[in-house]
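So the chains spell out like this:
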Amino acid sequence: MAFVCVQNAGRSQMAAAFAERERDRRSVGDQITIVTGGTQPADHVHEIVVEAMRERDIDLSDRTPREVTPDELQAVDLVVTMGCSASDVCPATWNGENRDWGLDDPHERPIEQVREIRDEIEERIVSLFDELLSQTPSAE
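As recorded in an unreviewed UniProt entry, the chain goes by the name Low molecular weight phosphatase family protein, listed as coming from Halorubrum yunnanense.

Enquirer: Can you walk me through the packing of aromatic side chains in this structure?
Expert: Two aromatic rings are characterised by how far apart their centres lie and by the angle between their planes. Here the structure, examined in full by the defined rule, presents one aromatic pair. Ring geometry for Phe3 against Trp101: centres 6.1 Å apart, planes inclined by 55°, an arrangement best described as tilted. Here Phe3 is found in strand β1 (residues 2-5), whereas its partner Trp101 is found in the loop between β4 (97-100) and α5 (111-135), with 98 residues between them in sequence.

Enquirer: When you look at the side chain of Glu22 in this model, what are you seeing that I'm missing?
Expert: Here Glu22 is to be found in helix α1 (residues 11-25). Excluding its chain neighbours within four sequence positions, the residues that come into contact with Glu22 are Ile125, Val126 and Phe129.

Enquirer: Got a minute to help me understand the sheet that holds β1 in this structure?
Expert: The strands that make up a sheet pair up through hydrogen bonds in the backbone, lying either parallel or antiparallel. Strand order in the open sheet formed by four strands is β2-β1-β3-β4, and the pairing between neighbours is parallel. Among the strands making up the open sheet, the edge pair consists of β2 (35-38) and β4. Going from strand to strand, the sheet's axes swing by 20° on average, the running direction of each strand aside. Two elements, β1 and strand β3 (residues 78-81), share three bridges in a ladder whose sense is parallel. Each residue of the ladder has a partner; that of Phe3, found in β3, is Val80.

The rules we used
Residues numbered from 1 in each chain as written. Predicted model: local features only at pLDDT ≥ 70, side-chain atom pairs only at ≥ 80, totals over all residues. Heavy atoms only, no water. Phe/Tyr/Trp six-rings, centres within 6.5 Å; stacked < 30°, edge-to-face > 60°. Helix = DSSP H or I, 4+ residues; strand = E, 2+ residues; numbered from the N terminus. Contact = heavy atoms within 4.5 Å. Pairing = 2+ DSSP bridges. Axes fitted to C-alpha atoms, helices over the stretch in contact; angles between N-to-C directions.

Written out as structure tokens, the structure is:
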């Protein structure tokens, strides 16, 4: 799965971090690959986002926004955009499903609003994993 936005400095970084944590909690690392990137990456993850994620014991301070490549998007089954229409923001095409979560951009928002965005992303990630894993036949 891929989490994509324009700058890859806020929403998509939070989504990828929560997805990585959820993947580890559920021990499905062999089943789920996580990619994140942006179409016009920023120089760094927004400080307010780093602060909000630290409150959830997730450290994003060492992450660097990066450009997502068309090849990466071709290789995943699900692309989640964060509130930016995939057709407008993501010029690459992909074969899998696309969902747009319609989230507000946390950049230059007060910490209270960033926490709300963070918490919504966390809830959506847990629900997404519940959905995807209910569709996947068990390996046992």
